[in-house]
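Tertiary structure, described
Here is how the chains run, residue by residue.
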Amino acid sequence: MDEDKKYLFSQKIQTMEAFAEFFQAVFAASHPEMTVEIMRSQNVTGLAIIDPARTLSTLVCLDGLYNKYIDGCSLWKVFCEITSACEEYDSHGSGLLDLVEDFELVRRRICFRLMNYGRNKELLETMPCIRWLDLAAVLYIPVAAKDGKGLYLPVDNPLVEKWGVTDTDALFTEAFANTQKIFPGSVRDMEDVFKDYGNAPETGYEDDDGGGRMYIATNSEKFYGAAAVLYDGLLDSFARELGRDLYILPTSINEMTVVSDEEGNDPAGLQNVLRNVNHESTGDKDFLSDNIYRYDRETGCISIV
């Protein structure tokens, strides 16, 4: 061990909070490609080491390690043990699942997303869901998300039973609030969105009468961003800004395309646009719906056209 490491790991730590913050800083510095977060509940303190190359991230329970440290184990040995856990962490993510079973630890991380109802009926029988139009809202716990890619754990019926939660409506209410905080939503001009990615949109929709300007509704990470259309006030403020009702095209689970109901944006043409995008560009796992929706700014309701 070099002198810098000797100095770093010779520190005296007096509290669990300082212990967690120490290893968060150490792993963030030694693994810059990873995201390191502290997760807390009333009973457990965990360290989430999020590696984008892994299917699931490593979550290490720090309570036992802190007790070892208090009993004389060095910080260096604790560091080696956590490193070993990262290296040996298998694809089943058993350590993560153990911590996820602590409801108080994860309740503020539970989010919701949308999926097609008809194509997922069998799957939806295994998890809490709320039917919405031809879609279903389901719950998940994000582990990492960025630029449309991410890691997550689905919330299924056995997990809800382990949590001891019987009021699923209240669970969804929390998830709706959490999602808007963790993944803020926006409606942006499609051209601006695609400029961020360095390419141009290929919608197949051209309108000589000046209609057809398109916008993208998604969240900050473009991860399960289609759910953003259900965020409080998002569509309402946008529709009132345009002074028009809206047509909504569910182009994937990660975003929805929005256009105004101005002359030139006819439902039949938009239906063709959606089907072309879904059949030519959207993969099966990202498919949401072939139906277009309409947002009425007076009632605040979304309906299938």
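What counts and how
- Residues numbered from 1 in each chain as written.
- Predicted model: local features only at pLDDT ≥ 70, side-chain atom pairs only at ≥ 80, totals over all residues.
- Heavy atoms only, no water.
- Pairing = 2+ DSSP bridges.
- Helix = DSSP H or I, 4+ residues; strand = E, 2+ residues; numbered from the N terminus.
- Axes fitted to C-alpha atoms, helices over the stretch in contact; angles between N-to-C directions.
- Contact = heavy atoms within 4.5 Å.
- Expected span 1.5 Å × (residues − 1).
- Buried < 20%, exposed > 50% of the residue type's maximum accessible area, 1.4 Å probe, protein only.
- Arc of directions from axis to C-beta.
- Polar contact = N/O pair within 3.5 Å; in protein donor to acceptor, adjacent residues only side chain to side chain.
- Salt bridge = Lys/Arg side-chain N within 4 Å of Asp/Glu carboxyl O.
- Lys, Arg positive; Asp, Glu negative; His and termini not counted.

Looking at the sheet that holds strand β9 (residues 215-219)
The strand order across the open sheet formed by six strands is β8-β9-β11-β10-β12-β13, and the pairing between neighbours is antiparallel. Each edge of the sheet is formed by a strand with only one pairing partner; in this case those strands are β8 (185-189) and β13 (301-304). The average undirected angle you get between the axes of adjacent strands in this sheet is 30°. With four bridges connecting them, strand β12 (residues 293-296) and β13 associate as antiparallel partners. Pairing of Tyr 293 across the sheet is with Ile 304, part of β13. The strands touched by helix α11 (residues 234-242) within the sheet are β8, β9, β10 (246-252), β11 (255-260), β12 and β13, with β10 carrying the most contacts at an inclination of about 130°.

Quick notes on helix α9 (residues 168-182)
Two residues of an α-helix separated by three or four positions point the same way, owing to the 3.6 residues in each turn. Counted at 1.5 Å a residue, the expected span for α9 with its 15 residues is 21 Å, and the 20 Å between its end C-alpha atoms agrees. Along α9, the positions that sit buried rather than exposed are Leu 171, Phe 172, Ala 175, Asn 178 and Thr 179. For α9, the arc enclosing every buried residue in end-on projection is 125°, short of the 170-degree limit, so these residues lie on one face. Turned more than 90 degrees from where α9 packs its buried face, Asp 169, Thr 173 and Lys 181 sit exposed. Capping the start of α9, Asp 167 holds a side-chain oxygen 3.2 Å from the backbone nitrogen of Asp 169, two or three residues further along.

Points about unusual backbone geometry
A positive phi angle, close to 55°, is found at Lys 222, a residue other than glycine. Mapped onto the elements of the fold, Lys 222 is located in the loop between β9 and α11. Unusually for a residue other than glycine, Tyr 224 sits at a positive phi of about 55°. Along the chain, Tyr 224 turns up in the loop between β9 and α11.

Examining the pattern of salt bridges
Applying the stated criterion across every chain yields a total of eleven salt bridges. Between Glu 104 and Arg 107 there is a salt bridge; the shortest N-O distance is 3.0 Å. Arg 107 sits in the partly exposed class, given a relative accessible area of 22%. A salt bridge links Arg 297 to Asp 245; its shortest N-O distance comes to 2.9 Å. You can see Arg 297 sitting in the loop between β12 and β13 and its partner Asp 245 sitting in the loop between α11 and β10, a full 52 residues away along the chain. Assessed through its relative accessible area of 23%, Arg 297 is described here as partly exposed. We classify Asp 245 as buried; its relative accessible area is 10%. Through salt bridges with shared partners, a single network forms among Arg 244, Asp 245, Asp 261, Arg 294 and Arg 297.

Here's the deal with the side chain of Thr 45
Mapped onto the fold, Thr 45 is located in strand β2 (residues 45-50). Residues within four places of Thr 45 in sequence aside, it is in contact with Met 16, Ala 20, Ile 38, Met 39, Arg 40, Val 60, Cys 61, Leu 62 and Asp 63.

So, the side chain of Arg 113
If you trace the backbone, Arg 113 turns up in strand β4 (residues 111-116). Although buried, Arg 113 forms no salt bridge, and the nearest oppositely charged side chain, Asp 286, lies 8.1 Å from it. Among residues more than four places away in sequence, those in contact with Arg 113 are Ala 136, Ala 137, Val 138, Tyr 140, Tyr 152, Tyr 224 and Ala 227.

Take it as geometry only, folks, not as evidence of what the structure does.
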